[in-house]
Amino acid sequence: MKEIRMVDLKGQYDKIKTEIDQEIQKVIDSTAFINGPAVQEFQADLEKYLGVKHVIPCANGTDALQVAMMGLGLKPGDEVITTSFTFIATAEVIALLGLTPVLVDVDPDTFNIDPEAVRKAITPHTKAIVPVHLFGQSVDMEEVLKIANEHNLFVIEDVCQAIGADYIFSDGSTKKAGTIGDVAGVSFFPSKNLGCFGDGGAIFTNNDELARQLRVVVNHGMTVRYYHDYVGVNSRLDAMQAAVLKVKLQYLYEYAKARQAAADYYDNAFAGCQKLQTPVRASFSSHVFHQYTLVTNNLDRDEMQKFLMSKGVPAMIYYPVPMHLQKAYQDPRYKEGDFPVTEALSKTVISLPMHTELDEEQLKYITTCVLEFANR
Ligand SMILES: *Cc1c(COP(=O)(O)O)cnc(C)c1O
């Protein structure tokens, strides 16, 4: 059996090596390393794929979120509502900009922000909501948009884990996650569903005016060459990464199918096991399975992780510490017990290997090991 990895970038690369190598070589030959044609081509391809008017490439997903907030003109003291169960970057950029992160609990089934909790957290200072489409499934965006419209708030989607997921509106129409709110940030970190060979990111918006502003922010706040009207940042997607992404974007649909097939295998294997809650698939979203995350029930989750590791099955805890209990984010407004769903999840979730290259032999072995622990 091939070694089991959380993410198998090597196996994925081997299948498209010729195409990728050619595109990288083209960039090297052109020496257009910054803002070269590869960047423009990838940008146009991604706009078409997502059905969004503007893709603004940048250096990573964290920058994408920060630039989105800067582009919207959010100011110190503005309150930004987000989830207590996410990767740190979401809250980090809010804090870095001097904005006030307001955390809310998540839905126990989807692990995503609970719209009712968002509603309760709104104050006269609230300016934006940052829904995070965690693990590959869209937030209940119709509810979020309704709240945003009622209170005149910006919606900044963190779509780092869910590029390609479809949100399904109640009238049956669909939109890609990340194209629904005012603006979205995505990451092309290698292990993300669309990953490059280093760091990369992008911002999406349908708003022409905002797109112009975002392009100024990522380029040192520069409006005309060497005329800086704003304090900006330097955040670029380099051309070699764009070349890789342009090739891999063509496979994104296929990659999602491979992830969904692995998830189906896991779901079937664990269906009868009372001690494992398999991922709940929301009616309003497709699931692109950035992670396949189980909730354990009456099991020692940390022992399970050790057991799996000892069998050669990597497993990860996303995320072991809720945002409000992180040392750097201690805040007198919050204490242990404030977000019971998040806190329970942080103690019970475990993510299994999930990538595009899992074969049946590996899946069989992984599920056998998981069930061996659960049933002992
Ligand atoms: C990966 C990720 C980010 C940050 O992306 P980087 O490219 O690593 O900066 C932000 N939010 C979420 C939810 C992520 O998963």
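Small disclaimer: the values here were computed from a predicted structure and weren't measured. (Residues numbered from 1 in each chain as written. Predicted model: local features only at pLDDT ≥ 70, side-chain atom pairs only at ≥ 80, totals over all residues. Heavy atoms only, no water.)

J.: Whenever I open this one, the nonpolar core confuses me. Can you help?
T.: In terms of nonpolar packing, the biggest core is built from 39 residues, with F85, Y266, L276, Y292, L308, L352 and V370 touching the most fellow members. Looking at this core, the element that brings in the most residues is helix α12 (residues 360–374), giving six residues. Built from parts of two domains, this core gets at least three residues from each of domain 1 (9–249) and domain 2 (252–374). Ignoring any residue separated from it by four or fewer positions in sequence, one finds F85 in contact with V106, F111, L134, F135, Y318, Y319, T342, L345, S346 and V349. V186, F188, C196 and L245 belong to the second largest nonpolar core, which has 29 residues in total. (Core = buried A, V, L, I, M, F, W, Y, C linked by side-chain atoms within 4.5 Å. Buried < 20%, exposed > 50% of the residue type's maximum accessible area, 1.4 Å probe, protein only. Helix = DSSP H or I, 4+ residues; strand = E, 2+ residues; numbered from the N terminus. Domains from an automatic or database assignment. Contact = heavy atoms within 4.5 Å.)

J.: It is not clear to me how the packing of helix α1 (residues 9–30) against helix α8 (residues 239–249) should be interpreted in this structure. Could you clarify?
T.: Pairs of packed helices are described in terms of their axes, by the angle between the two and the distance that separates them. Two numbers describe how α1 lies on α8: the axes approach to 9 Å, and their chain directions differ by 140°. The angle between α1 and α8 places the two elements in the oblique class. Read as a crossing pair, α1 and α8 show a hand that is right-handed. Taken together, the residues of α8 that come into contact with α1 (itself represented by Q12, I16, E19, I20, E23, I24, V27 and I28) are A239, M240, A243, V244, K246, V247 and K248. Residue composition of the contact of α1 with α8, by class: ten nonpolar, one polar and four charged. (Axes fitted to C-alpha atoms, helices over the stretch in contact; angles between N-to-C directions. Parallel < 35°, antiparallel > 145°, perpendicular 65-115°, else oblique. Left-handed = near helix turned anticlockwise from the far one by under 90°. Nonpolar A, V, L, I, M, F, W, Y, C, P; charged D, E, K, R; others polar.)

J.: So what exactly am I meant to see when it comes to the packing of helix α3 (residues 61–71) against helix α7 (residues 208–218) here?
T.: Closest axis-to-axis distance for the α3/α7 pair is 9 Å, and the angle between their directions is 120°. In terms of orientation, α3 lies oblique with respect to α7. Seen from above, α3 lies across α7 with right-handed handedness. Residues V67, A68, M70 and G71 of α3 lie in contact with α7, whose contacting residues are L210, Q213, L214, V217 and V218. Tallied by class, the residues present in the contact of α3 with α7 amount to seven nonpolar, two polar and no charged.

Limitation: the analysis is restricted to geometry and does not speak to function.
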